[in-house]
Each structure stands twice: as structure tokens, then as C-alpha cells.
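Listed here are the chains, written in short residue letters.
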Amino acid sequence: MPGGRPRAFDPEKALDRALEVFWSQGYEGTAISDLTAAMGINRPSLYGTFGNKEELFRRVFDRYVNGPGAFTVHALEAPRAREVAERLVYGVIELTTGPDTPLGCLSIRCVQACAPEAEQIRSEVVAHRQAGEAALRARLSRARDEGDLPDDCDPADLARFVTTLADGLAVQAAAGCAREDLLRVAETALRAWPTER
């Protein structure tokens, strides 16, 4: 006897739609009804295929990190420290102001406001962000060792500077700041970049 009825929807496309909703509204601001409407499925299909809201978000966040947000990992491969910073900062502007994506950043939306019952998701997103800053710090430390940054440059401070700048740009993008204005902000901020020895 054949198994159950085949799914009447494409799970990959449904995940893409869920990503758009979470990206637009954040974890806390997204209701199951928002997700089912966007994904074109009912609650039993959502729970049966993706688990609960937390499990769905984890899959969506992984999709975000390895899809639109993958530029952050690739930026660390740039040959010079300044180019790493530029790729990260300008990549954030591209990501958060794109014509085909929601304004702002999914991870920023998820750490700004969460009720106590969503603390686990918030903690996971924060941990991911901290790991990203640690990877940047390690890359800048290597750059200093290679003479690409001055000896008196603190890689931790510089990594925090770039992360804070990127976060601020994402917040401004979510508030509707124009891409051209954000590019000028980035250019101004990057003038503070330490010169190589």
C-alpha cells in the first residue's frame, strides 16, 4: 500500500517565503498565521514538515546565513584587512537595502526585542553574531601579524568597530535610510581605518 499523500507544496519555496516573513517582522513579530499565509500551507502541514516555530526559524536562519548573509564569511578571505572591512560594510548595505529583499537585517531584528519565551532563539542569534565577530577579530589579528595593520592596532577593538558600523547601517536601512546615504556613512567611517605600517 502506498505511503501518505504526497505534499501539495514545495518545502524549499515555503522556506523562502518563511524567510521573507521572519526577515520583515523578526522572530517575535511573526505569528504562525503570518507564516502559514505566506507559505501557502495550513498549520498541520507547517508542524508536520518544519516542526514548531522555533524549529522553522532555525532552518530559516541557517538559510539566511548560508544564502544572503554568506558574504560575511567570504569577506574574511579578502587579501588585505581593509578590503575585509569594506566587503563586510558594503555587503551589509547591499543586503539590507536590496530591491528584492526586506529592508534591514534578520539577525538584528531578532536581537532587538524578544519576550522571555523567545530568549532561546535570541541567545542563539547572539551567539552566531559573537562567533562572526570572533572570526573577524582572528582575521584582523593575522593581518596585524603580517604587517597589514599597525603593531599598536587592537584587533578586538577594530572588529567591534566594524561590527558596530555594520549593525548601525542595518538599523538605518530598516528605518528607510537611502542606500546612497548609507554609502556615504560607510565611506566616512572607513576613513578611520588604521594605515598599514
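Each remark here, short or long, concerns the structure printed above.
Overview of the overall build of the chain
In terms of helices and strands, the chain carries ten helices and zero strands. Along the chain, from the amino end to the carboxyl end, the secondary structure elements read α-α-α-α-α-α-α-α-α-α. When its C-alpha atoms are laid out on the principal axes, the chain stretches across 70 × 35 × 30 Å. In the chain, which comprises 197 residues, the proportion classed as buried is 41%.

A short note on the nonpolar core
Judged by nonpolar contacts, the single largest core of 57 residues is most densely connected at Leu35, Met39, Phe50, Leu56, Phe57 and Leu106. In this structure, Leu56 is in contact with Leu15, Ala18, Phe22, Leu35, Met39, Leu46 and Phe50, ignoring residues within four places of it in sequence.

A word on helix H1 (residues 11-25)
When the terminal C-alpha atoms of H1 are compared, their 21 Å separation across 15 residues agrees well with the 21 Å that a helix rising 1.5 Å per residue should span. Among all positions of H1, only Pro11, Ala14, Leu15, Ala18, Leu19, Val21, Phe22 and Trp23 are buried. Residues of H1 that are buried make contact with helix H2 (32-39), helix H3 (43-50), helix H4 (53-66), helix H6 (81-96) and helix H7 (106-112). The backbone nitrogen of Glu12 lies 2.9 Å from a side-chain oxygen of the residue at the head of H1, namely Asp10. Two residues or fewer past H1, Gly26 is found with a positive phi of approximately 75°.

Quick word on the packing of H1 against H4
The packing of two helices is summarised by the inter-axis angle and the distance between the axes. Closest axis-to-axis distance for the H1/H4 pair is 9 Å, and the angle between their directions is 90°. In this view, H1 runs roughly perpendicular relative to H4, as classed from their interaxial angle. Here H1 contributes Glu12, Leu15, Asp16, Ala18, Leu19, Phe22 and Trp23 to the contact with H4, which in turn contributes Lys53, Leu56, Phe57, Arg59, Val60, Arg63 and Tyr64. By residue class, the composition of the contact of H1 with H4 is nine nonpolar, no polar and five charged.

Calculation notes
Residues numbered from 1 in each chain as written. Predicted model: local features only at pLDDT ≥ 70, side-chain atom pairs only at ≥ 80, totals over all residues. Heavy atoms only, no water. Helix = DSSP H or I, 4+ residues; strand = E, 2+ residues; numbered from the N terminus. Buried < 20%, exposed > 50% of the residue type's maximum accessible area, 1.4 Å probe, protein only. Core = buried A, V, L, I, M, F, W, Y, C linked by side-chain atoms within 4.5 Å. Contact = heavy atoms within 4.5 Å. Expected span 1.5 Å × (residues − 1). Polar contact = N/O pair within 3.5 Å; in protein donor to acceptor, adjacent residues only side chain to side chain. Axes fitted to C-alpha atoms, helices over the stretch in contact; angles between N-to-C directions. Parallel < 35°, antiparallel > 145°, perpendicular 65-115°, else oblique. Nonpolar A, V, L, I, M, F, W, Y, C, P; charged D, E, K, R; others polar.

Treat this as a map of the structure, not an account of what it does.
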